[in-house]
Amino acid sequence: MAKVSSTSSKPTEGDSMADDRCGIGSALEYCVEKDELLRIISGLPSLPDEARLERFAFITNNYQEQPHLLDPHMETMLRILMEYGCSPQSTESVRHQAFKYVYQLTKVRGRKYIVRLLSHEVADLEPALALLNAQNPRDHETWETRYVLLLWLTIISLVPFDMKLFDGGQSGASDSADSAAAGGGRQLPIMERILDVAKRYLSVTDTSRDAASLLIAKFISRPDVRPLHLASTVAWLHTSIVASSGRGVGHGYAGTSVAGALSTLSALFKHGRREDLLEYSESTYHSVTGSQLLNSSNTLLRKLAVKLVQRVGLILLPTRVCAWRYQRGSRSLLLNLGQDNGGGGGDGVEAAASSSAQAGQDEEDEFDVPEVIESILETIWTSLCDKDTVVRWSAAKGVGRIAARLPKSFGDEVVAFLLSLFSPTSTHAAWHGGCLALAELGRRGLLEPGRLAEVVPVVVSATAYDQLYGSCSIGSHVRDAACYVCWSFARAYEPKDIEQYVDEIARALVITTVFDREINCRRAASAAFQENVGRQGTFPNGIDIVTMADYFAVGNRQNAYLNLSVQIGKFEKYCVPLIEACVGSKLNHWDGSVRELASKALHNLTEIAPEYMATSVLPRVVDRCSHLSIRECHGGVLAVGQICYALSKLCKSHDSKTSLRDWVADDVMDKINDVISVMKASNLFKGVHSIETRMAASSFIENLSKAEFPVRDSTVLESWQWLIDDSLPFVDNTNAGVTDSALAALTPFTAHYYSQPDVTPDHRGAIVDGYCRELKSKLVFPRMGFSLALGALPPIMLQSKVTQILSSLVAATHIEAGVESQFAEARRDAVKALGRFCLTAGFHEDMDPTYHLPVSTTVGQVYDACLMSMQDYTTDSRGDIGAHVREASMLCLQDLTMSLAETHPAALTEPLMLALMTSLLQQISEKIDRTRSVAGGVIAKLLHSDSPVIPCIPEREALTAVLTETLCSELNWASASDAFPHTVQLLSVAPYRQSVLTGLIVSVGGMTESLVKHASGALVEFLEKFTASDENLAVICSDILSIFKKYQKVDRVTVPLLKALDVLLSSGCFEQLTSRKDAKFPTDLLALCKAETARSGDAKKLIDSVPVFCGLLPFPGLRLPCLRQLTILLGHKYPRVRAVTADYFVVALVSYADIVLPTGDEDAGGEDDPMTILSTTAWDDAALAEVREARNRICNVLEIPVPKALAPTAAKSGAQSAAAKTAAHKTKAGTYQDLVNSAGY
């Protein structure tokens, strides 16, 4: 295989592809798929399918960043593909497919490179032109063919041969016209044919238009074509542009044709000679401006128009490099880093620059700028403020190109105008366009060092540009462009010329690198800073900062704010600017998450500059806490708490300042005390923004409590306590953060301020009493919030209230009749709080309930509550919301068990651990992925914990044999395909078999296809081996019957159980019992199924029971009772039930004909044949009387009693009559869903 790198070795057999093809930095070193690419191309004539093309595109797209690796094989591939595309023997599909491959290579490697490799002999002209003429410009499926042919014709037309030789030496268009008239239909000259076919593609909407524009521009620039067709072609293009203005330039055909004309003129003015195009320049400019193209709603037209205008300006100006431009000299990074900051060796550069400037001055005296250039510049300046970025970018490049050819006085005017764009009243588009233009001028050396005093402040302001428009902000593109300007400075100037502005630029770039909201701006600033460090060598602490703030480090916003800011802030020149940037623009940022990060960044920076924070920053942010603007207030409150907490941590290590009063002035302390009361008086805790202000205030209280802030009096504590209590009920899906913030504040607040000597136990007890009362609220949110609050209380708050809190939390975990679904989240939070409360209070042997929980009486109470919560299967419109309660219970029991195993292992008795493990193993085999994952993690921790070791787990050895430590660490319990093959092995552990089987039954009867597939497959595979012995079969049968009896009429289990029984019966797990007349399992199972479906109006349950009744037919003695159940369902009032029963009945007749049909009737036929009756009766459409008559005929044939309806009692008749009236009323005003439900569908 050919390789680009000469230092790499050829791949050896056995090497992996990843190791063999990749070099340093994961860069590819050669094209490893060369053979596959050639095979795909070679097989094109035999199989031109899209799959091969997609594979070819997939491989080549991998080389878009290193396309040169394809170069050794590119010529071979192009030669084969062009042969297929141009061969007369190739079919139409093969030809188009070949050109699609060529286009793919063009997209990856680039048009300019590919065109050079295409054959460009004189003999190729006619075939290429013929192929192009044969194409349909409106065929959207074959545009790649037209694009490649136009490109091919472009390179062929540049071959230096006389075009007139193709036409027998005719000298011009008039001669050819006369010859065509005389010859009676001779074809046009080759020049006109090429131009005609190219013009045809200027009005298409695909990429062929760009290739056609390039073809025309290069073709009419030929010396032999230019005298004949340049004037007419330019006139035709002008006509196309002007004619479109009357039709309205925009989208559609007019816009497409104008785009082609503009693109062609732009290419012509780029590739043509100035002497030939000078006479058409002003007319072209007036055509563009007169057609109002720059005001078009079409972005592409505006971009092409401004592109053409700048090309016209370049033609009008002499081709020269202005002598006044700044020339830096050596661009070597090695020399820049090696020389002194003063720029050694600069004398020669200065002398050369002075000499060239003097020579250039003489030249400028003889140079007159055309008057139209001023209009052209005004047009481009207008486009700098365009609403679309692509137009502004094109205009900026135009400013740079034209300014490079202007005299010095004109160049200064250009810079002056650009600086006028950066006014406070200018739009964001003007700022962005101005930054791009400045970057282009700087990159080309057209910004003289004397202008830096005006340019640098503007650019620094642009790095922080951010304007709020409604609910979003605009400015990231301006900041990104400002970083581009700074990047261009690094390449443009000598270090000594920009030295006085280095600190200002460095600070602006560092602030953007660390604190900008957008990742692209942070990375752009980091790249600009790195470029300046490398090129200038004068940026303070440049190498250290470049090492810290690299491309990946600034990619994470949180890392940039909290870590990089501290690392860079340790350098003296950047510390205060970073702090001021946080205070000035980030604490009042429109994005709340940025305000939070800014406050945390100030916390971290306080350690570096505590005096500045305490004396300068803190007084300013405290004043913001009462600001009417929510952004100012929110950021100020967050910052005050964070700064005070950071200062308090410094008190422990400071020699002289040992408390906050030593850091903070008294008047500032008073303002901090009044923050919450002032916010409350201003109603900032109400309304739309109350969520943000409450969370900020809670964070404020939390941080001041941790800082042990000296409060003024009890009224301050009362206001803080009010806010916490008022924020606790804010627990719903959208405002959960309010309660979380209040809970985070509650623990340190009560731990510090309520442990003071002046706070009485009665005061603490009153707070606890109020929280306990809220657990009986009729609203779910107070229950949730205050449950969690009881769990968050510190030990000092539990004095003499342990028993009360425990009983309140245990009662809150119980399911209340009638409101099961209403308080599921409250039960979940009560379980969480119960676990936290027990860990806070702790279990002790003594019976004093003042602070601690007595082990002997409370362990069983707590475990009973949690184990009962693990049986919470509450459902509502959201699904199984009880799963959240079960998961909280499992995690609670895990923490309690680990704690008790370490402190009181004797409390973990074997019956207690059996109940715990039984419940956990049931959860590990159920249907919800998340719940299985939680249960699997808990079981793994309990089984394999070494410190402490969990005692008294029944059958520990058997469990660990199935669930090994390695398996538990690697197994993904959330994946059904991974979990169930191991879960079914637990059925062999006797104490846990029934609970595991219960969970598996629920999973086998689940709703998800993948869940049912993996659960049923694993269960059937295990039972096939496990039930090979009669003893194990009897055990499994007994457990199934026990589960059925335990959950009789509990649809959550019985409906999946019916589905699971269908799977087990159809898979032959109980086939051994079909030959045993004394087997009780089939009989008992049939009785339970009959009892489950008796008087049931649940159509789904009835339908699921049908295959079970059919599956029990082969068992001895069950023919008659099973057929009776089937015939009852065959005449059911629900059409869907009847239809499904009939389908299964047919299958049963085919599968068990010798059992179902009476003896001697196996070959019976005719109208009374059961199969005929079942097949010809419309069970879900016919009237009920007709259906039951057909059912009775089947009963007579099968010699089974005809089902009879029970006579209703008088009371029941009255109830039925009332129900009938109600149903009649509902039918009049009911919905379609009511009709569907009543039909049993």
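Worth saying up front: this structure is predicted, and the values here are computed from it rather than measured.

Caption draft 1: Local environment of the pattern of salt bridges. Tallied over the entire structure, the rule returns 46 salt bridges. Arg 783 serves as the salt-bridge partner of Glu 816, at 2.8 Å between the closest nitrogen and oxygen. You can see Glu 816 sitting in the loop between helix H41 (802-813) and helix H42 (824-841) and its partner Arg 783 sitting in helix H40 (residues 780-792), a full 33 residues away along the chain. Arg 930 serves as the salt-bridge partner of Glu 887, at 2.8 Å between the closest nitrogen and oxygen. With Glu 887 in helix H44 (residues 882-903) and Arg 930 in helix H46 (residues 929-944), this residue pair connects regions lying 43 residues apart in the sequence.

Caption draft 2: Structural context of helix H37 (residues 714-727). Between the first and last C-alpha of H37 there are 20 Å, a value that for 14 residues agrees with the 20 Å anticipated at 1.5 Å per step. Listed as buried for H37 are Val 716, Leu 717, Ser 719, Trp 720, Gln 721, Leu 723, Ile 724 and Ser 727. Residues of H37 that are buried in the fold lie against helix H34 (666-673), helix H35 (675-681), helix H36 (690-706), helix H38 (736-753) and helix H39 (761-774).

Caption draft 3: Layout of the environment of Phe 1022. With respect to the helices, strands and loops of the structure, Phe 1022 is situated in helix H51 (residues 1009-1026). Given a relative accessible area of 10%, Phe 1022 falls into the buried group. Spatially, the C-alpha atom of Phe 1022 lies 6.7 Å from that of Val 984, the residues being 38 residues apart in sequence. Apart from residues lying up to four places away in sequence, Phe 1022 is in contact with Val 984, Gln 985, Leu 987 and Ser 988.

Caption draft 4: Broad picture of the nonpolar core. Grouped together as the largest cluster of nonpolar side chains are 383 residues, with contacts concentrated most on Phe 489 and Leu 618. With eleven residues, the single largest contributor to this core is helix H32 (residues 630-651). Residues contacting Phe 489, with those up to four places away along its chain left out, are Leu 447, Leu 452, Val 455, Val 456, Val 459, Ile 498, Ile 505 and Gln 536. Ranked by size, the runner-up nonpolar core spans five residues in total, among them Ala 549, Val 554, Ala 560 and Leu 564.

Caption draft 5: Unusual backbone geometry, seen in detail. Note that the residue after Ser 947, namely Pro 948, is joined by a cis bond; omega there is 0°. By secondary structure assignment, the location of Pro 948 is in the loop between H46 and helix H47 (956-962). Even without being glycine, Glu 708 reaches a positive phi, approximately 55°. In this fold, Glu 708 is placed in the loop between H36 and H37. According to the relative accessible area criterion, Glu 708 is exposed, its value standing at 52%. One non-glycine residue, Arg 1095, lies in the positive phi region at around 55°. Within the secondary structure layout, Arg 1095 lies in the loop between helix H54 (1081-1093) and helix H55 (1099-1111). Classification of Arg 1095 by relative accessible area gives exposed; the value is 72%.

Parameters and conventions
- Residues numbered from 1 in each chain as written.
- Predicted model: local features only at pLDDT ≥ 70, side-chain atom pairs only at ≥ 80, totals over all residues.
- Heavy atoms only, no water.
- Salt bridge = Lys/Arg side-chain N within 4 Å of Asp/Glu carboxyl O.
- Helix = DSSP H or I, 4+ residues; strand = E, 2+ residues; numbered from the N terminus.
- Expected span 1.5 Å × (residues − 1).
- Buried < 20%, exposed > 50% of the residue type's maximum accessible area, 1.4 Å probe, protein only.
- Contact = heavy atoms within 4.5 Å.
- Core = buried A, V, L, I, M, F, W, Y, C linked by side-chain atoms within 4.5 Å.

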